[in-house]
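Listed below are the residues making up each chain.
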Amino acid sequence: MTLPYAYGIITLQIRTKIKEVLETNTFEDLAFNVEFMSCVVDKADDLRVLESDSHFSEFSGVHPSKINQGKLLFLDLIMKKDRETVMKQLCKKNSPYIYIDFYIKNENGEYILAHCLGQNIEGTTKCRLALADVSQSQKKSELLKEKADRMNRLIDLVEGGVCLFKVTQDMHFETFYMNKACARFFNMSDSSYAEGTCRLDEYIHPEDKSGVYQAVGNSMATKKPINMETRVMTDKNSFIWIKVDSAIQSYESDGCPVFHAVFTDITKLKEAERKADSERDLMVNIFKNLPGPLFYTDLETPFVLDVVSEDFIRLIGYSRTELFDGLGGDLTHLIISSDIKKIEKDFIKKAKKNKTVKIIYTLKTKDGRLIDVVDKRKIVGDSKREKTTIGIIRDASAIKVDEELGL
């Protein structure tokens, strides 16, 4: 088993597993009895609670008057193992919003899992915390956290880059989350990846920025997903090609959309396409100058011409522009027959059994002449590849003269 083939199987298995995890998350599994509460803390003073709503007061068991007097430290409510992590997340630079899970103590001294969204208040050391108390569904909370961790591990295994990013009013693409593959695409350091925030628009190739902004703007206006290919810079002089599949997931309170996106590295594919185009151009140039009325088609569409020689053009009297742009390269427009489909069917039938096929039909040239031609094809390719035909047409009367003269 080759490495690319084995890697492909592993990737498929990972994606299948992600699908299974998603499908097993029924609404019943995720049914919480959720109580929301909020408070404002001072990050410079051990997260001292400066104000709160009544739900937070009831949850903590601390009277509102004492909270207003600054007698409650939010840090004291957090489980010791989570305190350092929570402080680091809340004090992260250039992060207006933080989402984090941790355990906090309720009025009965029990630690429960809380989902917390933090909003740093600009120009101050204050942070507004919105918490979801899921203490009534503790077991389901643990299950959800376990599934979320498992999903994140699976996402990191997928070769595609996965991220969430917000489009600000200034058209900045600010990330909320990205997996390791996504960080590698943008050549981010481990420290930058750990921070979790960056501006994706700063990585777009200068020549592609206009197209990307247009695609994002169109998606914001129409709510349609984005499917495009673009280049991103990995350093000042290098870039990779990525395929972008993205759509709006939600909206922030300021009305700015949050997109979820999957990036796939298609650099090798683009290079292969470039080489194929170059090789095809070379083949076309060679083919055009070969002697004789030669042509090239796919076996499944044996009368739709891909490439023709100059002698072929001279025989039918049409220019290349007239043949390919006007007639779509379809030779049946020039064949005189009451049953073109029968000719095509018979040809394909013969081609499946033989490596060469010969048929006779009448062509009408541009100047109105009718020519009986012998169409002889060689079938190229095998059962594992798409088959094509290389053919030559000759004036049947000329062939007859040659035979009579022994040529």
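Residues numbered from 1 in each chain as written. Predicted model: local features only at pLDDT ≥ 70, side-chain atom pairs only at ≥ 80, totals over all residues. Heavy atoms only, no water.

Turning next to the overall build of the protein. Within the protein, the regular secondary structure consists of 14 helices and 16 strands. By residue count, 36% of the 407 residues in the protein fall in the buried class. If you take every contact in the protein between residues at least 6 apart in sequence, the share linking residues at least 24 apart comes to 48%. Element-wise, carbon and sulfur atoms account for 53% of the exposed surface of the protein, whose accessible area totals about 24400 Å². (Helix = DSSP H or I, 4+ residues; strand = E, 2+ residues; numbered from the N terminus. Buried < 20%, exposed > 50% of the residue type's maximum accessible area, 1.4 Å probe, protein only. Contact = heavy atoms within 4.5 Å. Areas by Shrake-Rupley, 256 points an atom, 1.4 Å probe, with all protein chains shown as cover.)

As a further point, take the pairing of strand 7 (residues 173-178). Bridge count for strand 6 (residues 161-167) against strand 7 is five bridges, and the pairing is antiparallel. Along strand 7, the bridge assignment pairs valine 167 with phenylalanine 173. (Pairing = 2+ DSSP bridges.)

Attention now goes to the pattern of salt bridges. Here the idea is simple: oppositely charged side chains can pair when their charged atoms come close. Across all of its chains, the model carries 16 salt bridges by this definition. Here aspartate 254 ties to lysine 166 by a salt bridge, and the two come within 2.9 Å at their closest N and O atoms. Residue aspartate 254 is located in the loop between strand 9 (238-251) and strand 10 (257-265), and its partner lysine 166 is located in strand 6; the two are separated by 88 residues in the primary sequence. On the basis of relative accessibility, which here comes to 37%, the residue aspartate 254 falls in the partly exposed class. Arginine 199 is the salt-bridge partner of aspartate 201, the closest N and O atoms lying 2.6 Å from each other. Within this structure, Arg199, Asp201 and Glu202 form a network of salt bridges that share partners. (Salt bridge = Lys/Arg side-chain N within 4 Å of Asp/Glu carboxyl O.)

Pairing is antiparallel across the open sheet formed by six strands, whose spatial order is 12-11-16-15-14-13. At either margin of the open sheet sits one strand with a lone partner, and together these are strand 12 (305-308) and strand 13 (335-336). Note: strand 13 against strand 14 (residues 356-364), two bridges, orientation antiparallel. What sits directly across from isoleucine 336, in strand 14, is threonine 362.

A word on the packing of aromatic side chains. Evaluation of the coordinates by the stated rule reveals eight aromatic pairs. Seen from their ring centres, phenylalanine 173 and tyrosine 213 are 5.6 Å apart, and the 70° between their planes marks the pair as edge-to-face. Pair noted here: phenylalanine 173 is in strand 7 and tyrosine 213 is in helix 9 (residues 209-222), with a separation of 40 residues, a long-range link. Take phenylalanine 173: its relative accessible area is 4%, and that puts it in the buried class. Note on tyrosine 213: relative accessible area 28%, which makes it partly exposed. Ring geometry for phenylalanine 303 against tyrosine 361: centres 6.1 Å apart, planes inclined by 75°, an arrangement best described as edge-to-face. Placement of the pair is phenylalanine 303 in the loop between strand 11 (294-298) and strand 12 and tyrosine 361 in strand 14, with a sequence separation of 58 residues. Tyrosine 361 matches phenylalanine 303 in its accessibility class, with the two residues each being buried. Three or more aromatic residues link up through ring pairs in this structure, and these residues are Phe165, Phe173, Tyr213 and Phe259. Above the face of the phenylalanine 239 ring, arginine 231 is positioned so that its terminal group lies 5.4 Å from the ring centre. Directly above the ring of phenylalanine 303 sits arginine 377, whose terminal nitrogen or CZ lies 5.2 Å from the centroid. (Phe/Tyr/Trp six-rings, centres within 6.5 Å; stacked < 30°, edge-to-face > 60°. Lys NZ or Arg CZ within 6 Å of the ring centre and 35° of its normal.)

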